[in-house]
Amino acid sequence: MSESNSEKPFAAVIPRITGTTSAVSSSLIIYIICRSEKKLSTIYHRIMFAMSCADIMSSIAMALTTLPMPNESVCEGEDFWEGRLGNIQTCEAQAFFLFFGVFTMFAYNGMLCTYYACAIAFQMKENTIRKYVEPFLHLSALAFGLANSVLPLVRKTFNAGPNVAWCTIRISQCR
């Protein structure tokens, strides 16, 4: 069931509000970490810093909603969003940052859980986690985010869609 034209502006405004709120909140987390006495010296702070950076990328991409969507002609017969000011490259950039940010943020959330499992359940010392576990987890989080955003970019499957308020994966013959 597709959305009616009267529902679309509302559906494009909500992500602008929530995306902006999320980006500002993550920026505050980064600010608090950087102003703290410990700064990035703790594993927890480094995880939260990286998770917040990833969230800022995806939140800004989501807050842009329809703006990066291609303004030029799209598929015949599909009811696309109003307020499209971009082109194919801006749509791909939005989708890349959305996917990279979301998947990296989820991976860092898993990293935070792994850190607490190591620290609490396995009673590993902070130095042991820092030396043996943390580097692998950072590499895994970044690799997960890159794999899920670079592959669709290379395959040219990031496109605007008629039912989503931002550019996403959509196999389309209309480019």
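Refer to the structure printed above.
Below is a short write-up of the structure. (Residues numbered from 1 in each chain as written. Predicted model: local features only at pLDDT ≥ 70, side-chain atom pairs only at ≥ 80, totals over all residues. Heavy atoms only, no water.)

On to the overall build of the protein chain. Within the protein chain, the secondary structure is distributed over four helices and two strands. For the protein chain, the succession of helices and strands along the chain, N to C, is α-α-α-α-β-β. When each of the 175 residues of the protein chain is scored for burial, the buried share is 42%. Expressed as a percentage of contacts within the protein chain between residues at least 6 apart in sequence, the contacts between residues at least 24 apart total 65%. For the protein chain, the accessible surface area stands at approximately 10,100 Å², while carbon and sulfur atoms represent 66% of it. (Helix = DSSP H or I, 4+ residues; strand = E, 2+ residues; numbered from the N terminus. Buried < 20%, exposed > 50% of the residue type's maximum accessible area, 1.4 Å probe, protein only. Contact = heavy atoms within 4.5 Å. Areas by Shrake-Rupley, 256 points an atom, 1.4 Å probe, with all protein chains shown as cover.)

To continue, consider unusual backbone geometry. At Thr65, a position not held by glycine, the phi torsion is positive, near 40°. In this fold, Thr65 is placed in the loop between helix H2 (43-63) and helix H3 (88-121). The backbone of Lys156 shows a phi angle near 55°, a positive value even though the residue is not glycine. Lys156 gets classed as partly exposed once you look at its relative accessible area, which sits at 48%.

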